[in-house]
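Here's the letter readout for the chains.
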Amino acid sequence: MRWFYAVRRRALALCARDGGAFSSIISRMNRPVLGAVLVPVLSLLVGCAGATSNVRRPQEVDALFADYDAPERPGASVVVLHEGKVVFSRAYGLADVGTRTKATPESHYRLASLSKQFTAMAVLLLVEEGKLRLEDRVVDVLPDFPSYLGEVRVHHLLQHTSGIWDYEAFVPATQTEQVKDRDVLALLSRADRTYFAPGSAVRYSNSAYAVLSLVVEKVSGVSFARFLRERVFTPGGMASAVAHEEGVSTVPQRAYGHASRDEGFVPRDQSNTSAVLGDGGIYASVVDLAAWDVALDADTLVDAKARARAWTPVKLPDGASGRYGFGWFVDEDQGRTRLSHHGETCGFTNAIVKYPDQRLTVIVLTNRAGGAPWTLAQHVADLWLGTPVTPRPWPFESMANAH
């Protein structure tokens, strides 16, 4: 099975870079091998073989990323999926300015808060197996969870309605030792109240997703990174994605973070909170994320009911929409359901926008602090949707603590 997923990922990469080359490879394959081994892979990917010839106005997409497409600048990798096929994939600029390594669709970026959808999926897998309930009190799962948070439930953490404090608020700017997920409980113990009664309001919380990673570890009996690798990444076709632990795992074709200074772009790859996994520590490429998008739509990991729950925004007691599901912002854009997420961390800024009913997904990963890749992703989506490119708000922009 490990070989199968490796072949599947390689096929996606070939498709993303050059549909014609992929078609040529298919035509040269030994038919018994094709039939006996690769049919499951090809049935998923064959539609993309000629997809790059159908790219809509690629020069307009290139123009949007002109600021990233320079020989001395950190770059961006972009992928568009339509109806389950990769129809555009390109990279711009450098994955590492210091070594002048070019960015490619296979460059692996730290996803920042795009990681939250994978943490949510890990929780949903345990729920579907009956090992965890969304209504469970977190303190009943994690005995070390602060007692003042006794009414916080698992679904409160997923939907940012827990009201718990930000662990970052208790980490001094001068601290050099990196915080790990396991440290978050002790940091939360420094508070004695929530921002609001759990379930009564929405406030974006990295703490919530760090705690969820501990819930996954406790219930599954294995490390969070291992659970993601074995239960989420591999079956989701993301064989090279990794919840990175320094000294434990390696990031393949790693893109390094940068920040803009007066003298140009300088390395800025890690902060004292960059090692927390549950809220933002996953590295992946747009090739990985293209496979992930296909797996989501095919209900490969959990059933359609669980997927629908994850893509449904929380309803608050006053009847208002909280505009967040499980690891996804959810809103309406010109009458269409729009799923999205931004990711901002030391040296990386990313975005995903997905229109499930139109079967359109755009993912933009960048290895620089700042910028607005969500705006770029929306512009690209508008090209495929055929809608006017007009400024419109993102749900995270008006959510407390989300930007």
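See the structure above.
Quick notes on the rules
Residues numbered from 1 in each chain as written. Predicted model: local features only at pLDDT ≥ 70, side-chain atom pairs only at ≥ 80, totals over all residues. Heavy atoms only, no water. Helix = DSSP H or I, 4+ residues; strand = E, 2+ residues; numbered from the N terminus. Areas by Shrake-Rupley, 256 points an atom, 1.4 Å probe, with all protein chains shown as cover. Pairing = 2+ DSSP bridges. Axes fitted to C-alpha atoms, helices over the stretch in contact; angles between N-to-C directions. Contact = heavy atoms within 4.5 Å. Left-handed = near helix turned anticlockwise from the far one by under 90°. Nonpolar A, V, L, I, M, F, W, Y, C, P; charged D, E, K, R; others polar. Parallel < 35°, antiparallel > 145°, perpendicular 65-115°, else oblique. Salt bridge = Lys/Arg side-chain N within 4 Å of Asp/Glu carboxyl O. Buried < 20%, exposed > 50% of the residue type's maximum accessible area, 1.4 Å probe, protein only. Phe/Tyr/Trp six-rings, centres within 6.5 Å; stacked < 30°, edge-to-face > 60°. Lys NZ or Arg CZ within 6 Å of the ring centre and 35° of its normal. 1 Å grid on protein atoms, 1.4 Å probe; cavity = no way out; pocket = protein on both sides within 12 Å on 5 of 7 lines; lining within 4 Å. Points joined across faces, edges and corners; volume = space filled by probe spheres on them.

Draft legend 1. A look at the overall build of the protein chain. Helix and strand content of the protein chain: 13 helices and 13 strands. Carbon and sulfur atoms form 50% of the exposed surface of the protein chain, whose accessible area is close to 16400 Å².

Draft legend 2. Focus on the sheet that holds strand 10 (residues 329–333). Strand order in the open sheet formed by six strands is 2-1-13-12-11-10, and the pairing between neighbours is antiparallel. Each edge of the open sheet is held by one strand with a lone partner, namely strand 2 (85–92) and strand 10. Strand-to-strand twist across the sheet, computed as the mean angle between neighbouring axes with direction ignored, equals 15°. Pairing of strand 10 with strand 11 (residues 336–345) involves five bridges; the strand directions are antiparallel. Each bridged residue has a counterpart across the sheet, and for Asp333 the counterpart in strand 11 is Arg336. Sitting on the sheet, helix 11 (residues 286–297) touches strand 1 (76–82), strand 2, strand 12 (348–355) and strand 13 (360–366), and the angle it makes with strand 1 is about 25°.

Draft legend 3. Up close: the packing of helix 5 (residues 116–128) against helix 9 (residues 206–220). Remark: helix 5 packs on helix 9, axes separated minimally by 10 Å, with the N-to-C direction vectors making an angle of 35°. In this structure, helix 5 meets helix 9 at a crossing whose hand is left-handed. On the side of helix 5, the interface is formed by Lys116, Thr119, Ala120, Ala122, Val123 and Leu126, while helix 9 contributes Asn206, Tyr209, Leu212, Ser213, Val216, Val219 and Ser220. Among the residues making up the contact of helix 5 with helix 9, the classes are represented as eight nonpolar, four polar and one charged.

Draft legend 4. Region of the structure containing the packing of helix 5 against helix 11. Packing of helix 5 against helix 11 brings their axes to within 13 Å, and their N-to-C directions diverge by 40°. Here helix 5 is positioned oblique relative to helix 11, judged by the angle of their axes. The crossing of helix 5 and helix 11 is left-handed. Across the interface between the two elements, Gln117, Phe118 and Met121 of helix 5 pack against Leu289, Trp292 and Leu296 of helix 11. When grouped by side-chain class, the residues that make up the contact of helix 5 with helix 11 number five nonpolar, one polar and no charged.

Draft legend 5. Geometry of the pattern of salt bridges. Counted under the stated rule, the structure contains 20 salt bridges. Note that Glu230 and Arg226 form a salt bridge whose closest N and O atoms lie 2.9 Å from each other. Within this pair, Glu230 and its partner Arg226 are both found in helix 10 (residues 224–233), separated by four residues, close to a single helical turn. Judged by its relative accessible area of 40%, Glu230 is partly exposed. According to the relative accessible area criterion, Arg226 is partly exposed, its value standing at 38%. Notably, a salt bridge pairs Arg229 with Glu230, separated by 4.0 Å at the nearest N-O pair. Exposure remark for Arg229: the relative accessible area of 44% places this residue in the partly exposed category. Here the salt bridges do not stand alone but share partners, grouping Arg137, Asp140, Glu151 and Arg153 into one network.

Draft legend 6. Focus on the environment of Gly281. By the element assignment, Gly281 lies in the loop between strand 8 (264–267) and strand 9 (282–284). Since its relative accessible area comes to 2%, Gly281 is described here as buried. Sequence separation of Gly281 and Leu114 is 167 residues, and the distance between their C-alpha atoms is 9.3 Å.

Draft legend 7. Summary view of the pairing of strand 12. Counting buried positions along strand 12 yields eight of eight residues, so the element is predominantly enclosed. In textbook terms, the turn of a hairpin is the stretch between consecutive antiparallel strands, and for strand 11 and strand 12 this stretch comprises two residues, one of which, Gly347, has a positive phi near 85°. Between strand 12 and strand 13, which pair antiparallel in sequence order, lie four residues; one of them, Arg359, sits at a positive phi of approximately 55°.

Draft legend 8. Here's a closer look at the packing of aromatic side chains. Taken as a whole and assessed by the stated rule, the structure comprises 14 aromatic pairs. When the ring of Tyr324 is compared with that of Phe329, the centres are 4.8 Å apart and the planes differ by 85°; the resulting orientation is edge-to-face. Like Phe329, Tyr324 is buried. One aromatic cluster is present, formed by Tyr204, Tyr324, Phe329, Trp374 and Phe396 through successive ring pairs. The ring of Tyr209 is capped by Lys116, whose NZ or CZ atom sits 5.8 Å from the centre of that ring. It is Arg368 that lies over the ring of Tyr68; its NZ or CZ is 4.0 Å from the centre.

Draft legend 9. Representation of the layout of surface pockets. Taken as a whole, the largest pocket holds about 430 Å³ of empty space. For the largest pocket, the lining is made up of 23 residues, of which Ser113, Glu168, Asn206, Glu344 and Thr345 are closest to its centre. Sort the elements by how many residues they give to the lining of the largest pocket and strand 11 lands first, with four residues. Grouping the amino acids of the lining of the largest pocket by side-chain chemistry returns six nonpolar, 13 polar and four charged. Its volume calculated, the second largest pocket comes out at about 320 Å³. Lining the second largest pocket are 21 residues, with Lys180, Asp181, Glu245, Ala275 and Leu277 sitting closest to its centre.

Draft legend 10. Structural view of the sheet that holds strand 6 (residues 242–243). The strand order across the open sheet built from three strands is 5-9-6, with neighbouring strands paired in antiparallel fashion. Each edge of the open sheet is held by one strand with a lone partner, namely strand 5 (109–110) and strand 6.

Draft legend 11. Looking closely at empty space enclosed by the protein. Inspection of every chain in the model, using the stated rule, returns three cavities of 30 Å³ or more. For the largest cavity, the calculated volume is near 80 Å³. Met121, Leu124, Leu296, Ala310 and Trp328 are, among the 13 residues lining the largest cavity, the residues nearest its centre. Those elements that place two or more of their residues in the lining of the largest cavity are helix 5, helix 11 and helix 12 (304–310). Counting residues per element, the lining of the largest cavity draws most heavily on helix 5, which supplies four residues. Class assignment for the residues of the lining of the largest cavity results in eleven nonpolar, one polar and one charged.

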